[in-house]
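Analysis of the macromolecular model
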Amino acid sequence: MASLNVGNLGEYLREQRRTAQLSLRQLADAAGVSNPYLSQIERGLRKPSAEVLQQVAKALRISAETLYVRAGILDAERDREEWQREGATTAVILADPTLTERQKQVLLQIYESFRKENGFVAGPDPAPDDDTSIRGPRVTGGDDAAPRRTAG
């Protein structure tokens, strides 16, 4: 099991939150976690689960994979090429100012369905109207376990 470098993660989250010009309370609300819990993560006192990291990443509009690597959940070297391919496509779609948020989510769902059809599953099966389910690698485990990528 990979050890979590929560201090480095917390510093990074604080930096990203400040760059996004969000207060701790605003980010906690947007991510659906409590203000004290998020504060503890930023101070390196708590080890967030992959699910919490995904919620925070979505609220900050950053890559969940980046947070997984910073938390020690995923190995950056092993997965870098795969993330570059998948992440570049996702980043381009998300950064396109000519698309609405809904159009971006639909494109990402289509992209993920093609990848799944071709034998690669990077995330859980999308649930109806659940935009968070199309991002990030499939992970298992919680607060006390290091989630692992699984193949479909």
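Keep in mind the model is a prediction, meaning the values are calculated, not measured.

This brings us to the nonpolar core. Across soluble globular proteins, nonpolar side chains have a tendency to be buried as a group. In terms of nonpolar packing, the biggest core is built from 23 residues, with V56 and L67 touching the most fellow members. The set of elements that each furnish at least two residues to this core consists of α1 (6-19), α2 (24-31), α3 (35-42), α4 (50-60) and α5 (64-70). Counting residues per element, this core draws most heavily on α4, which supplies seven residues. Those residues within four positions of L67 in sequence are excluded, and the remaining contacts are L9, Y12, L13, L53, V56, A57 and I62.

Once that is clear, we can look at the environment of K104. Positionally, K104 belongs in helix α7 (residues 101-117). Residue classification places K104 among the buried residues on the basis of a relative accessible area of 5%. Each C-alpha atom, one on K104 and one on I93, is 6.1 Å from the other, the two residues being eleven residues apart in sequence. In contact with K104, other than residues within four places in its own chain, are R61, I93, L94, D96 and L99.

A cluster of nonpolar residues, V106, L107, I110 and F114, forms a patch on the protein surface that exposes about 320 Å² of accessible area. Relative to the elements of secondary structure, F114 occurs in helix α7.

Right, let's talk about α7 for a bit. Compared with an ideal rise of 1.5 Å per residue, which puts 17 residues at 24 Å, α7 spans 24 Å between its outermost C-alpha atoms and is within 8% of the ideal. Listing the buried residues of α7 in full gives K104, Q105, L108, E112 and R115. Down the axis, α7 shows its buried residues gathered within 95° of arc, on one side only. Directly beyond the C-terminal end of α7, a positive phi value near 100° is found at G119.

Criteria and thresholds
Residues numbered from 1 in each chain as written. Predicted model: local features only at pLDDT ≥ 70, side-chain atom pairs only at ≥ 80, totals over all residues. Heavy atoms only, no water. Core = buried A, V, L, I, M, F, W, Y, C linked by side-chain atoms within 4.5 Å. Buried < 20%, exposed > 50% of the residue type's maximum accessible area, 1.4 Å probe, protein only. Helix = DSSP H or I, 4+ residues; strand = E, 2+ residues; numbered from the N terminus. Contact = heavy atoms within 4.5 Å. Patch = residues over 30% accessible without salt bridge, like charges linked within 9 Å, V, L, I, M, F, W, Y side chains within 5 Å. Areas by Shrake-Rupley, 256 points an atom, 1.4 Å probe, with all protein chains shown as cover. Salt bridge = Lys/Arg side-chain N within 4 Å of Asp/Glu carboxyl O. Expected span 1.5 Å × (residues − 1). Arc of directions from axis to C-beta.

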